Amino acid sequence: MADIPTAPPPGGPLPADTAPPMVAFEQVSKVYAATGSQAAFTALDDINYSVPRGTITGIIGRSGAGKSTLIRLVNGLEKPTGGRVLVDGTDVAAQSESALRTLRRSVGMIFQHFNLLSSRTVFDNVAMPLEIAGQSPAEIKARVAPLLDLVGLGDKAGRYPAELSGGQKQRVGIARALATSPKLLLSDEATSALDPETTLQILDLLKTINHDLGLTVLLITHEMDVIKAVTSHVAVLDQGRVAESGRTFDVFMSPQHATTRVLLSSMPGSGLPDAIQRRLKPTPAAGDNVLVRLVFFGKTANQPLTARMASTLEADVNIIAGAIDEIGGEPCGTLVVAYPADPAVMERAAQFYQQTGLRAEVLGYGA
Amino acid sequence: MAPEMLLSLLTSTLWQTVQMVVVAGVIGTAIGLPIGVFLATSGKGELFPAPLTNRIIGLIVNATRSTPFIILVVAIIPFTRLVAGTSIGTGAAIVPLTVATIPFVARLIEAAIREVDKGLIEAARAMGATPFQIVTKVLLAEARPSITMALTLTIVSLIGYSAMVGAVGGGGLGDLGIRYGYQRFMPEVMLAVVLVLIVLVQAVQSAGDALARRFDKRHRKHG
Ligand SMILES: Nc1ncnc2c1ncn2[C@@H]1O[C@H](COP(=O)(O)OP(=O)(O)OP(=O)(O)O)[C@@H](O)[C@H]1O
Ligand SMILES: [Mg+2]
């Protein structure tokens, strides 16, 4: 059998796991001081996490988990109350104001609500970071035009943001963030205000940029779909702490933390049809079927396992639902099957899973 | 009153009004605008944090604005004499007009700048902009339509205020209306003055509106 085409880790020439990280959070905490009637609030608590160089890394968490706070520490918009944030080895909070401004030119940022200047044309918006850096009009012109082409807005240079669609506005935001040739791109919910199709287009653009420019991308989102579509690494943030982290594929395939499971269950396609879900029972009665979710990935992804399953189990195996997917660039599939909840059958099934490496999860029992 | 006589009075007093409004408007804006920017950016956690100075200037601005203009005119006569060398005449009238304009402009500019989306300040900071660059490239640029409206309102108000400085011999259209139209009971003079003022205010307002509309790129334009 041929080798399974596992996707290479996206990114530059350095293996992501050995190169020094692009961003390192070291025992980072952030406490918002008490104000008047408001008590002090710990938004981040002892965060230790490294963003591998050249990757698209995601941070996911529920609203209020501290995602925005965390990403704002990276370019010094916010200062940690404890620990250090290193960007390419530089301690952000230790920089003087002017050194911080220089550092910010090497870190681009895009925003949920785009934050474009309404008074400036598309061209002038993209030119803004270059103006700020003191470049000449000639230099600016030479830089902005190719950037607009890169994001597919070459023909919109003279338009104002109000004349663009949401997706186009975010493209301007991306071009602006890339203007000063940063090594790191920060994205704070950059697709949350966009429809699903536009979201995919913007994510594709981020992938292209990551791949072609070798830029590290750190994005935060509350949408598992976004994490699944573009990131190779992910950290799950829960109440100001990193609940779990690792390669996106691994986290998706075997979520360890309850928050991750909740976030995963909100993904479309992850649930059963309502009609089946409602009839499921936690324990079997005589004559019931057991419903099992099988996950195929890596080696198991393209073997004819389902065909062998019925004969091995010596029972009828019904296929209830199925989906083929790609997570962090790696193919995987899920299949929900039902077979008799007979102890002997279930015993044979358990052995079958062990031999083949299939991941199986009992969803419940039903007639 | 003979029409030629009325016409000549109207043109000379109109000229006085224009002088007062323009000079007080320009100086008042030159001083009031930076104060407005400061008020809008010097609160706690803002671009140039100086909460105490902010409070003190805010208090002075409020005090000046709550003093009725006619009382201000009389109250600052010593100051007027110091600046203008006299307390009578159009030149002298410009002093209280300017003093009243400064806090007026400051508060309007402050409001206009506070309207600017905080996300834009954040974006500019993330680009590595200095606070001064944020003021010029973000705050003033984005607030330009509102600032234009604010300055239009300032000029219109100044035209109104300038009618009151007849009390210190400031001259101008308002003074003409009071002296001839009211005190000497010449209704045709009063009518002419009011008509000229209406046209003047209307012209300033329309020009200001048109300019603000031209600066305003916040909304999609139709047609
Ligand atoms: N300036 C502040 N002062 C006090 N508390 C703050 C401040 N900024 C954020 N917080 C609190 O810190 C917590 C984390 O906020 P943060 O904006 O980082 O969340 P988030 O994960 O980005 O949420 P969302 O998905 O809704 O954007 C929240 O409970 C918020 O109320
Ligand atoms: Mg947020």
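Residues numbered from 1 in each chain as written. Chains lettered and ligands numbered in written order. Predicted model: local features only at pLDDT ≥ 70, side-chain atom pairs only at ≥ 80, totals over all residues. Heavy atoms only, no water.

Colleague: Explain the site of ligand 1 to me, using residue names and the numbers behind them.
Modeller: All names here are of chain A. In the vicinity of ligand 1, the residues found are Tyr32, Phe41, Ala43, Arg62, Ser63, Gly64, Ala65, Gly66, Lys67, Ser68, Thr69 and Glu189. Tyrosine 32 has a polar side-chain atom sitting 3.4 Å from a nitrogen atom of ligand 1. If you list the elements that add at least two residues to the shell around ligand 1, you get strand E2 (41-51) and helix H1 (67-74). Looking at which element gives the most residues to the shell around ligand 1, the answer is H1, with three residues. (Near = heavy atom within 4 Å. Polar contact = N/O pair within 3.5 Å; in protein donor to acceptor, adjacent residues only side chain to side chain. Helix = DSSP H or I, 4+ residues; strand = E, 2+ residues; numbered from the N terminus.)

Colleague: Tell me what's going on with the confidence of the model for chain A, and back it up with residues and numbers.
Modeller: Residue and element names in this part refer to chain A. Summing up the model confidence of chain A, the mean pLDDT is 89 and the portion of residues at 70 or higher is 92%. Element-level pLDDT for chain A is lowest in helix H10 (residues 274-279), with a mean of 78, against a maximum mean of 98 in helix H3 (residues 122-132). Overall, residues 1-14 carries pLDDT values under 50, and its contacts beyond four positions in sequence, including any with other chains, amount to 15 contacts. (pLDDT = per-residue confidence, 0-100. Contact = heavy atoms within 4.5 Å.)

Colleague: Which residues make up the UniProt feature "domain: ABC transporter" (unreviewed entry) in chain A, and what values go with them?
Modeller: Taking the UniProt record as the reference, the feature "domain: ABC transporter" (unreviewed entry) is found at residues 23-264 of chain A. Taken end to end, residues 23-264 of chain A has its terminal C-alpha atoms 26 Å apart, with 38% of it in helix and 26% in strand. (UniProt positions renumbered as here; feature names shortened; annotations may be inferred.)

Colleague: Describe the domain arrangement of chain A, naming the residues involved and giving the relevant values.
Modeller: Residues and elements named next belong to chain A. What the domain assignment reports for chain A is domain 1 (23-106 + 181-265) and domain 2 (274-366). Just the C-alpha atoms count here: the centres of domain 1 and domain 2 sit 35 Å apart. Between domain 1 and domain 2 the total buried area reaches about 810 Å² when both faces are included, carbon and sulfur atoms providing 63% of it. Counting the surface domain 1 buries against domain 2, the share from its top three residues, Lys228, Phe249 and Met253, is 75%. Applying the counting criterion to the domain 1 and domain 2 interface returns zero salt bridges. (Domains from an automatic or database assignment. Buried area = accessible area lost by both parts, 1.4 Å probe. Salt bridge = Lys/Arg side-chain N within 4 Å of Asp/Glu carboxyl O.)

Colleague: Any chance you could break down the pattern of salt bridges for me, citing the residues and the numbers?
Modeller: Within this structure, the stated rule accounts for 19 salt bridges over all chains. The partner of B:Glu110 in a salt bridge is B:Arg114, and the shortest N-O contact between them spans 3.3 Å. Placement of the pair is B:Glu110 and B:Arg114 together in helix H5 (residues 90-114), with a separation of four residues, close to one helical turn. On the basis of relative accessible area, B:Glu110 is assigned to the buried category, the value being 13%. Where B:Arg179 meets B:Asp175, a salt bridge forms, and the shortest distance between an N and an O atom there is 3.0 Å. With B:Arg179 and B:Asp175 both in helix H9 (residues 173-183) and four residues apart, the pair spans about one turn of that helix. The buried category is assigned to B:Asp175, whose relative accessible area is 9%. The structure contains a network of salt bridges with shared partners spanning A:Lys30, A:Arg72, A:Glu78 and B:Glu122. (Buried < 20%, exposed > 50% of the residue type's maximum accessible area, 1.4 Å probe, protein only.)

Colleague: So what about the packing of helix H4 (residues 77-84) of chain B against H5(B)? Which residues, and what values?
Modeller: All names here are of chain B. H5 packs onto H4 with a crossing angle of 120° between their chain directions and a minimal axis gap of 9 Å. For the element pair H4 / H5, the angle class is oblique. The handedness of the crossing between H4 and H5 is right-handed. Residue-level contacts link Phe79, Thr80, Val83 and Ala84 of H4 to Gly91, Ala92, Val95, Pro96 and Val99 of H5. Its residues assigned to classes, the contact of H4 with H5 shows seven nonpolar, two polar and no charged. (Axes fitted to C-alpha atoms, helices over the stretch in contact; angles between N-to-C directions. Parallel < 35°, antiparallel > 145°, perpendicular 65-115°, else oblique. Left-handed = near helix turned anticlockwise from the far one by under 90°. Nonpolar A, V, L, I, M, F, W, Y, C, P; charged D, E, K, R; others polar.)

Colleague: Explain the layout of surface pockets residue by residue, including any values.
Modeller: Gaps between atoms show up when a probe of the same size as a water molecule is rolled over them. Volume-wise, the second largest pocket comes out at about 590 Å³. Contributing to the lining of the second largest pocket are 27 residues, with B:Gly45, B:Glu46, B:Leu47, B:Ile121 and B:Arg125 lying nearest its centre. Elements with a contribution of two residues or more to the lining of the second largest pocket: helix H2 (97-104) of chain A together with helix H1 (3-41), H5, helix H6 (118-127) and helix H7 (131-142) of chain B. Among the residues making up the lining of the second largest pocket, the classes are represented as 11 nonpolar, five polar and 11 charged. (1 Å grid on protein atoms, 1.4 Å probe; cavity = no way out; pocket = protein on both sides within 12 Å on 5 of 7 lines; lining within 4 Å. Points joined across faces, edges and corners; volume = space filled by probe spheres on them.)

Colleague: I'd like a description of the sheet that holds strand E1 (residues 23-32) of chain A, backed by residues and values.
Modeller: Residues and elements named next belong to chain A. In spatial order, the strands read E2-E1-E4-E5; together these four strands make up an open sheet with antiparallel pairing. This sheet does not close on itself; its edge strands, each paired only once, are E2 and strand E5 (90-91). Each of E1, E2 and strand E4 (82-87) is contacted by H1, which is oriented at about 120° to E1, the strand it contacts most. (Pairing = 2+ DSSP bridges.)

Colleague: I'd like to hear about the UniProt feature "transmembrane region" (unreviewed entry) in chain B, residue by residue, with values.
Modeller: Residues and elements named next belong to chain B. Mapped onto the present numbering, the UniProt feature "transmembrane region" (unreviewed entry) falls at residues 20-40, 52-77, 83-106, 147-169 and 189-212. For residues 83-106, the helix share is 79%, the strand share is 0%, and the end-to-end C-alpha distance is 22 Å. Measuring from the first to the last C-alpha atom of residues 189-212 gives 34 Å, for a span that is 100% helix and 0% strand.

Colleague: Run through the sheet that holds strand E3 (residues 56-61) of chain A, naming residues and quoting values.
Modeller: Residue and element names in this part refer to chain A. Across the sheet, which stays open at both edges, the six strands sit in the order E6-E7-E8-E3-E9-E10 with mixed pairing between neighbours. Strand pairing shows two members of the sheet lacking a second neighbour, strand E6 (107-111) and strand E10 (241-247), which therefore form its edges. Taken pair by pair, the neighbouring strands of this sheet meet at an average axis angle of 15°, ignoring direction. Pairing analysis gives five bridges linking E3 to strand E8 (residues 216-221), with the strands arranged parallel. Note that in E8 the partner of isoleucine 60 across the bridge is threonine 221.

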